[in-house]
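Examination of the molecular architecture
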Amino acid sequence: MARYASPVSGLEDFARLVDGDHGLCVVSTLRPDGTIQSSVVNAGVLPHPVTGAQVVGLVSRGDAHRVSNLRARPRASVVIRAGWQWAGVEGPAELAGPDDPMPGVDAERLRLLLREIFTAAGGTHDDFGSYDRVMAEERRVAVLVSPARISPRG
């Protein structure tokens, strides 16, 4: 008998799965030629910094291909799994970073937002001052995906 993955629905379930494997997710974006670019990231669920709506957030280097893809085609799919349970979120993506200003998110709010995403994805840090410096040096970007479609709902 074949074993099949059991989907879980809703952002609550997505958030619950974060602890199952350190928030590891696969994020997929579209390249300029229409092919799919996927990579493994840490992600979590948190309130949008401006609207307060629940979103899936991840932190990315500003020079990552996914960020270039999202600047041109701001839509992403994020799938998380832990064991045989999984959840997927697809929707429009917003960027907030030094090269991607978001109205309502100044430099101080961005610094805190990057920390919030990190902790929502299950991260812990002994020295957030050091974390903040690295995020600024690497021009890290907050990627926020609003759930237009949540697996297994169509």
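The structure displayed is predicted, hence computed values, not measured ones.

This part takes up unusual backbone geometry. A positive phi angle, close to 60°, is found at H22, a residue other than glycine. Despite not being glycine, R139 has its phi angle at roughly 50°, a positive value. Turning to its location among the elements, R139 is positioned in the loop between helix 4 (128-137) and strand 7 (141-145). What makes R139 partly exposed here is its relative accessible area of 38%.

One pass over the structure, following the stated rule, counts 13 salt bridges. Measuring nitrogen to oxygen at the nearest pair gives 3.2 Å for the salt bridge that ties E90 to R149. Residue E90 is found in strand 6 (residues 85-96), and its partner R149 is found in strand 8 (residues 149-150); the two are separated by 59 residues along the sequence. Classification of E90 by relative accessible area gives partly exposed; the value is 21%. What makes R149 partly exposed here is its relative accessible area of 44%.

The biggest cluster of nonpolar side chains holds 26 residues, and the ones touching the most others in it are F14, V56, V78 and V145. Among the elements of the structure, helix 1 (11-17), strand 2 (24-30), strand 3 (36-47), strand 4 (54-60), helix 2 (65-72), strand 5 (75-82), strand 6 and strand 7 are those that each provide at least two residues to this core. Once you skip the residues sitting within four places of it in the chain, F14 turns out to touch C25, V45, V56, V78, I80, A87 and V89. Counting residues in each nonpolar core, the second largest holds 14 residues, with L113, L114, Y131 and L144 among its members.

Quick look at the packing of helix 3 (residues 107-120) against helix 4 now. Running from amino to carboxyl end, helix 3 crosses helix 4 at an angle of 110°, the nearest separation of the two axes being 10 Å. Taken together, the axes of helix 3 and helix 4 lie roughly perpendicular to each other. When helix 3 is examined against helix 4, the residues R111, L114, R115, F118 and T119 are found in contact with a partner set consisting of F128, G129, Y131, D132 and M135. Here the contact of helix 3 with helix 4 is built from residues that sort into five nonpolar, two polar and three charged.

Rules and cut-offs
Residues numbered from 1 in each chain as written. Predicted model: local features only at pLDDT ≥ 70, side-chain atom pairs only at ≥ 80, totals over all residues. Heavy atoms only, no water. Helix = DSSP H or I, 4+ residues; strand = E, 2+ residues; numbered from the N terminus. Buried < 20%, exposed > 50% of the residue type's maximum accessible area, 1.4 Å probe, protein only. Salt bridge = Lys/Arg side-chain N within 4 Å of Asp/Glu carboxyl O. Core = buried A, V, L, I, M, F, W, Y, C linked by side-chain atoms within 4.5 Å. Contact = heavy atoms within 4.5 Å. Axes fitted to C-alpha atoms, helices over the stretch in contact; angles between N-to-C directions. Parallel < 35°, antiparallel > 145°, perpendicular 65-115°, else oblique. Nonpolar A, V, L, I, M, F, W, Y, C, P; charged D, E, K, R; others polar.

So yeah, pure geometry; function would need other evidence.
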